[in-house]
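# Geometric and topological summary
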Amino acid sequence: MNKGIQAPDISFVVARSYPQNIIGCDNQLPWRLKGDLKRFREITTGHAVIMGRKTYESIGRPLPNRKNIVISRSQDADSTNRSFWDPERALYWATTRENALFIADALSITSHKRDIFVIGGAEIYKLFADLYYKIYLTLVFTGKIDGDATFDISFENDDGWKLIEEQECAKSEVDEYPSRFYIYKKKKYNRRYVNPRDFLKIDPLAEKWLLQHLDEIEKANLEHQESLNLFDQQLTLAASR
Ligand SMILES: NC(=O)c1ccc[n+]([C@@H]2O[C@H](COP(=O)([O-])OP(=O)(O)OC[C@H]3O[C@@H](n4cnc5c(N)ncnc54)[C@H](OP(=O)(O)O)[C@@H]3O)[C@@H](O)[C@H]2O)c1
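Summarised in this report is the structure supplied together with it. (Residues numbered from 1 in each chain as written. Predicted model: local features only at pLDDT ≥ 70, side-chain atom pairs only at ≥ 80, totals over all residues. Heavy atoms only, no water.)

### With respect to helix H1 (residues 34–44)
All buried positions along H1 are accounted for by Asp36, Arg39, Phe40, Ile43 and Thr44. Viewed end-on, H1 has its buried residues packed into an arc of 120 degrees, placing them on one side of the element. Those residues of H1 that are exposed and angled more than 90 degrees off the buried face are Lys34 and Glu42. Lining the buried residues of H1 we find strand S2 (9–17), strand S4 (48–52), strand S8 (115–118), strand S9 (134–140), strand S11 (161–169) and strand S12 (179–186). At the C-terminal side of H1, Gly46 shows a positive phi close to 90 degrees. (Buried < 20%, exposed > 50% of the residue type's maximum accessible area, 1.4 Å probe, protein only. Helix = DSSP H or I, 4+ residues; strand = E, 2+ residues; numbered from the N terminus. Arc of directions from axis to C-beta. Contact = heavy atoms within 4.5 Å.)

Pasting the structure below:
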C-alpha cells in the first residue's frame, strides 16, 4: 500500500529557565542571550518555522531566511492587516494545526528540507506536543524569575528520550546568564506520511496555493524520496553504533 510521502520531522527549539521552566514574560523573552539566539538562527535557517501569533508579534517581523508559518484562530485578514499568503516575505498564516502542517510540509518538501521547527510559544508547544521527534533545549540558569509562559515537559529522567548532545555555555558580556544546551530525540517515533492531494481538502486558501505548486511538490517528492531513504539508512547506522 502506498503510504504517501514521508513527511519532514518536527523538532522543537526552546529555551527555558531553571528551575521554574519559564519561557516568557509579558510576551518577551525574560533574558538577553546572544549566544543562544545565534544558535537558534543556525539551527532554523533555511527551514520552515511554525509559531503562535503572540510569538510572531513578540518577534515583530518574519524571521529572515526562514519560511514563517504563524498560527492564529482569526481569519480576519483585513482588520489585522494581514496577508495570509505572502511568499515574498516568506510569511504564511494558518488557522489550524493541520493547515500549518500542510504549509510547512509542502514548503519543506519542495525545498528538500528534512526538518520543520516549532519555535513556540507555550500554547503552540502544547498544540504540537504529540508530534515532535527532537528537541533543542536550552536551560537558562536564571534562578527565580517572573514569567507567564512555561514549558513543563521533562526529559532528563524520561526513558523515552535519548540525549544526543550537551554543551555548557558560560555567562558573558552578551549572555546574561549561564546556560546548558541539549539535543534530545525520541527513541520511538511514528513517522508522518502525507498525500499532497489530501491537502486539497483543507481550506480554499490552501487549495489555491497548492494547485499552483502540486506538480512541483510531486516532482520534488520523486527526487526527494531517494535522499530521504539515504538519510534513514544513515540514521539507522548511527543508532546501531
Ligand atoms: N523561550 C523560548 O524559547 C520562547 C520561544 C517562543 C516564545 N516564547 C515566549 O512565549 C510567550 C508567548 O507564548 P504564548 O503561549 O503566550 O503564545 P503563542 O503560543 O506564541 O501564541 C498563542 C496564539 O496562537 C494561536 N493559537 C493557539 N492555539 C491555536 C489553535 N489550536 N488553533 C489556531 N490558533 C491557535 C492563538 O492566536 P490568536 O489569539 O490570534 O487566535 C493564540 O493566542 C512570549 O513571552 C514569548 O516571548 C519563548
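The structure having been displayed, the exposition proceeds.
### Some thoughts on unusual backbone geometry
Going from Tyr18 to Pro19, the amide bond is cis rather than trans, its omega being 10 degrees. With respect to the helices and strands, the residue Pro19 is situated in the loop between S2 and strand S3 (22–24). With an omega of 0 degrees, the peptide bond running from Gly120 to Gly121 counts as cis. Residue placement: Gly121 occurs in the loop between S8 and helix H4 (122–127). In the Ramachandran plot, Asp26 falls in the positive-phi region, its phi being about 50 degrees despite a non-glycine side chain.

### Brief notes about the site of the ligand
In the vicinity of the ligand lie 28 residues, with Ala15, Arg53, Thr55, Ser72 and Arg73 positioned nearest. In the environment of the ligand, an oxygen atom lies 3.0 Å from a nitrogen or oxygen atom belonging to the backbone of Gly121. For the ligand, an oxygen atom lies 2.9 Å from a polar atom in the backbone of Glu123. For the ligand, the protein covers 87% of the area, taking 940 Å² as the surface of the free molecule. (Near = heavy atom within 4 Å. Polar contact = N/O pair within 3.5 Å; in protein donor to acceptor, adjacent residues only side chain to side chain. Areas by Shrake-Rupley, 256 points an atom, 1.4 Å probe, with all protein chains shown as cover.)

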